[in-house]
Amino acid sequence: MQTHRLSLLLLLVLATPLAAQQDTTRLPTGVRLGMIYQTLRRPSLAVRAFTSAGDAELAAQVGEIIRRDLDYSDRFEMFEVPPQLASGPVDYATWNGLNVVYVLDGAVEPLEDGSHLLRLTLHDVVYGVVKEIQAFRIPPPTDSDHRMAVHAAADEVVRWATGQPGMAASRILFVSQAPDGSRDLMVVDSDGENVRRVARVDGVLMSPSWSPDGRRVVYAVGRDDGSWDVIELDLERGAERRISTRRGLNTTPVYSPDGERIMLAVENGRDLDLFEIELATGQSRLVRGGPGADLSPTYSPDGRQIAFNSDRIGQPHIYVMPAQGGEAVLLSPYTYGEPGHYAAPDWSPETSFVAFHGRSRGQHQIMVADAARPGSTVQQITQEGRNEDPSWAPDGRHIVFLSVRPSGSGLYVIDAASGRTRPLVLGGRFRTPDWSPTLKRASALTVRGE
Amino acid sequence: MQKRIILPALVGALLVGACGGRQAQQTGPTPEELAAQARADSIEAARRAEEERRRLEEERRRAEEEARRRAEEEARRAREILAEMVHFDFDKFDIRPSDQETLRRKAMVLRANPDVRVRIVGHADERGSDEYNLALGLRRANAVRDFLVSLGLDASRFETASMGEEQPLVRESNEEAWAMNRRAEFHVTAGQVARTGM
């Protein structure tokens with residue numbers, strides 16, 4: 001990580017003199033390479049072998065899911081546990097000598113109804129205490145909710161250690177183009193497992209978006225004759241309903257944080273304008289009209305503001321404005337006379353950061369800007385290959401995006417704080433990923449504090 | 001025309017007359033023979049008339065065929081002109097000078113075929129946001145429509161649509177493919193394209 005950082009700095013230094021000479025090789029003005037947080041060194045965490053009262057294989061599987069979730073949370077340096085320390089009582093002095101900050105123990109016991117009890121114990125080595133013990137009910141492995149319940153337990157461990165939410169109990173929607181040209185709406189768990197199809201259309205399927213409760217999704221469907229519908233799908237019941245069927249383009253729908261409204265881009269006169277539809281009444285309201293295509297709206301966590309994409313000034317840029325309507329403020333970097341291209345904004349569910357992609361040195365890269373401080377420096381967080389269509393995880397820290405790169409094209413996840421990147425799903429023709437809210441909160445069966 | 005039929009009959013009649021003159025006093029053609037001759041002559045005349053009618057019919061058919069072939073050729077050419085795509089620079093939606101000529105030819109076709117209506121579909125290359133590429137495709141289709149309207153055509157004859165980057169012509173990731181894919185396509189939605197207007 002340290003060398004990665006150094007190379008970023010080096011590139012930044014190199015980029016500056018080049019800037020004056022060659023338009024295509026420079027960073028856009030106002031864009032800085034790097035991550036968005038000042039990170040502290042991550043605490044070292046050891047996950048010991050999970051014990052079982054019966055099903056050892058299941059305990060090992062559950063332990064592996066949780067170990068990987070904690071690794072993917074990017075909050076910890078994962079400590080490789082030597083065999084002699086894998087079991088037995090936790091000796092804080094020994095672990096302290098290894099610079100380990102947290103030790104996690106897990107035990108899996110069968111319950112009468114076929115499900116299991118998962119007991120997690122987080123030791124704080126520095127203070128020499130048990131930080132938290134909790135037990136969770138885990139449905140049997142044959143139950144479709146099994147993995148999600150384990151992910152939710154892993155998110156609790158992140159919360160115990162950091163006070164902040166994890167994102168393991170979440171999924172990512174994306175569109176996959178089948179060889180016959182039809183489009184599949186796919187969903188995958190946050191750890192890349194459990195890829196499956198939830199809908200298929202013959203035409204174009206685009207811009208799927210989760211409802212805040214994670215039970216519904218909304219997306220745009222386009223057909224060869226140029227007609228578009230916005231469709232809401234109930235994931236549990238499989239029921240579809242049409243939200244908007246206005247003539248021409250209807251696209252980029254997104255739920256308001258309270259789930260009561262959908263904002264979308266609709267062809268209105270010469271180009272696209274933003275409308276908000278009240279789901280209960282079906283009434284729609286123009287949020288932003290006028291010249292230029294306005295699209296890809298995304299709400300702030302409190303629902304009071306939106307960021308969106310507009311090419312009103314001749315090139316696509318990212319703007320922020322009140323969700324009720326009002327003055328739009330430019331968020332992406334703009335320099336008079338220079339080519340600019342910024343699109344696909346997504347507002348973090350936790351912070352004032354807006355992720356989008358912008359062209360830098362001839363390639364699209366993922367960038368992050370602070371909507372609370374328009375005009376401040378924009379951070380470019382990817383460098384390898386072509387990267388587009390970012391979407392924030394519920395922890396407000398990770399971002400899923402589409403990448404075309406030599407090491408394999410598909411969906412990747414980056415930790416915006418550290419830059420650590422992992423592939424999520426590779427190999428297909430994928431587009432417009434959308435990260436869900438937290439889909440499951442683990443409820444502890446028994447609680448015993450520190 | 002008339003002469004051709006009559007002449008052999010006259011020659012025949014003279015020959016008969018000459019012979020008849022010499023042999024008149026002797027035997028001479030009987031009235032029955034004369035009647036048979038006349039019958040044969042009229043059959044021959046009818047046959048020739050029929051032949052001539054058939055030839056004329058054939059000529060007319062050929063001329064019609066030729067006219068139809070020409071009309072088909074013209075319609076084909078007109079459809080070709082209408083279908084010809086126009087292309088765009090990266091991230092741009094203004095009409096290239098070279099494509100203005102293409103659109104002027106289309107305008108001539110549209111003027112010559114007033115019933116024809118056209119859907120203009122804008123497309124983008126695969127780079128950039130899927131979502132913005134839809135907007136860009138719409139911008140391109142509208143720019144083409146505006147140009148055609150500026151040439152005096154009625155705006156109501158056009159509808160515009162966008163397929164963004166969803167329907168590439170060339171499924172490759174290189175400059176040539178991208179250039180081919182940044183385009184506007186033209187689909188006839190009503191009317192018969194018959195004339196080029198040239």
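Scroll up to find the structure.
Residues numbered from 1 in each chain as written. Chains lettered and ligands numbered in written order. Predicted model: local features only at pLDDT ≥ 70, side-chain atom pairs only at ≥ 80, totals over all residues. Heavy atoms only, no water.

**Remarks on the interface of chain B and chain A**
A common measure of how large an interface is: the accessible area buried when the components associate.
Line of reasoning, step 1. In this complex, chain B contributes 28 residues to the contact, which on the side of chain A involves 38 residues.
Line of reasoning, step 2. Together, the buried faces of chain B and chain A total about 2,700 Å²; carbon and sulfur atoms form 49% of this surface.
Line of reasoning, step 3. The three residues of chain B that bury the most area against chain A are B:E131, B:Y132 and B:E166, which together make up 24% of that side's buried surface.
Line of reasoning, step 4. Residue A:R431 pairs with B:E165 through a salt bridge whose shortest N-O separation is 2.9 Å.
Line of reasoning, step 5. Across the contact surface, chain B and chain A share 16 residue pairs in polar contact (both at pLDDT 80 or more).
Line of reasoning, step 6. Elements with a contribution of two residues or more to the side of chain B that touches chain A: α4 (130-150) and β3 (158-164) of chain B.
Line of reasoning, step 7. Counting residues per element, the side of chain B that touches chain A draws most heavily on α4(B), which supplies 10 residues.
Line of reasoning, step 8. By residue class, the composition of the side of chain B that touches chain A is nine nonpolar, six polar and 13 charged. (Contact = heavy atoms within 4.5 Å. Buried area = accessible area lost by both parts, 1.4 Å probe. Salt bridge = Lys/Arg side-chain N within 4 Å of Asp/Glu carboxyl O. Polar contact = N/O pair within 3.5 Å; in protein donor to acceptor, adjacent residues only side chain to side chain. Helix = DSSP H or I, 4+ residues; strand = E, 2+ residues; numbered from the N terminus. Nonpolar A, V, L, I, M, F, W, Y, C, P; charged D, E, K, R; others polar.)

**Comments concerning the sheet that holds strand β20 (residues 305-310) of chain A**
Residues and elements named next belong to chain A.
Line of reasoning, step 1. The strand order across the open sheet built from four strands is β19-β20-β21-β22, with neighbouring strands paired in antiparallel fashion. In this open sheet, the two edge strands, each paired with only one partner strand, are β19 (294-299) and β22 (329-330).
Line of reasoning, step 2. Taken together, the two bridges between strand β21 (residues 317-322) and β22 define a ladder with antiparallel strand orientation. Bridging from a neighbouring strand, V320 pairs with V329 of β22. (Pairing = 2+ DSSP bridges.)

**Brief notes about unusual backbone geometry**
Residues and elements named next belong to chain A.
Line of reasoning, step 1. One non-glycine residue, N99, adopts positive backbone phi at about 60°.
Line of reasoning, step 2. On the accessibility criterion, N99 (58% relative accessible area) is exposed.
Line of reasoning, step 3. Positive phi, close to 35°, is recorded for T432, a residue that is not glycine.
Line of reasoning, step 4. Among the structural elements, T432 can be located in strand β31 (residues 430-435). (Buried < 20%, exposed > 50% of the residue type's maximum accessible area, 1.4 Å probe, protein only.)

**Regarding the pattern of salt bridges**
Residues and elements named next belong to chain B.
Line of reasoning, step 1. Here the structure, examined in full by the defined rule, presents 64 salt bridges over all chains.
Line of reasoning, step 2. With its nearest N and O atoms 3.1 Å apart, the salt bridge here joins E50 to R53. A residue pair is termed a helical-turn pair when its members lie 3 or 4 positions apart in one helix, as E50 and R53 do in helix α2 (residues 31-83) at three residues.
Line of reasoning, step 3. Residue classification places E50 among the partly exposed positions, given a relative accessible area of 29%.
Line of reasoning, step 4. Here R60 and E57 are joined by a salt bridge, their closest N and O atoms 2.9 Å apart.

**Observations concerning the pairing of strand β24 (residues 353-360) of chain A**
Residue and element names in this part refer to chain A.
Line of reasoning, step 1. Extensive coverage of β24 is indicated by the burial of eight of its eight residues.
Line of reasoning, step 2. Of the two faces of β24, both are covered, the one formed by F353, A355, H357 and R359 as well as the one formed by V354, F356, G358 and S360.
Line of reasoning, step 3. Once strand β23 (residues 342-347) ends, the chain turns through five residues before running back antiparallel as β24.
Line of reasoning, step 4. Note: β24 against strand β25 (residues 363-370), eight bridges, orientation antiparallel. Note on β25: the bridge partner recorded for S360 is Q363.

**Here's the deal with the sheet that holds β24(A)**
Residue and element names in this part refer to chain A.
Line of reasoning, step 1. Strand order in the open sheet formed by five strands is β1-β26-β25-β24-β23, with mixed pairing between adjacent strands. Among the strands making up the open sheet, the edge pair consists of β1 (31-33) and β23. Each strand of the sheet is rotated relative to its neighbour by a mean of 30°, with strand direction disregarded.
Line of reasoning, step 2. Bridging between β25 and strand β26 (residues 378-380) involves two bridges; their strand directions are antiparallel. Directly across from M367, in β26, lies its bridge partner Q380. (Axes fitted to C-alpha atoms, helices over the stretch in contact; angles between N-to-C directions.)

**Some words on the packing of aromatic side chains**
Two descriptors summarise a pair of aromatic rings, namely the distance from one centre to the other and the angle between the planes of the rings.
All names here are of chain A.
Line of reasoning, step 1. By the definition in use, this model includes seven aromatic pairs over all chains.
Line of reasoning, step 2. Where F76 meets Y102, the ring centres are 6.1 Å apart and the plane angle is 85°; that geometry is what we call edge-to-face. Placement of the pair is F76 in the loop between α2 (56-72) and β4 (77-79) and Y102 in strand β5 (residues 102-110), with a sequence separation of 26 residues.
Line of reasoning, step 3. We classify Y102 as buried; its relative accessible area is 9%.
Line of reasoning, step 4. Here Y342 and F356 contribute two aromatic rings whose centre-to-centre distance is 6.0 Å and whose plane-to-plane angle is 80°, an arrangement assigned as edge-to-face. You can see Y342 sitting in strand β23 and its partner F356 sitting in strand β24, a full 14 residues away along the chain.
Line of reasoning, step 5. Under the relative-accessibility criterion, F356 is labelled buried at 0%.
Line of reasoning, step 6. Over the aromatic face of F275 sits the side chain of R246, whose NZ or CZ is 4.8 Å from the ring centroid.
Line of reasoning, step 7. Residue placement shows R405 over the ring face of Y412; its charged tip is 4.3 Å from the ring centre. (Phe/Tyr/Trp six-rings, centres within 6.5 Å; stacked < 30°, edge-to-face > 60°. Lys NZ or Arg CZ within 6 Å of the ring centre and 35° of its normal.)

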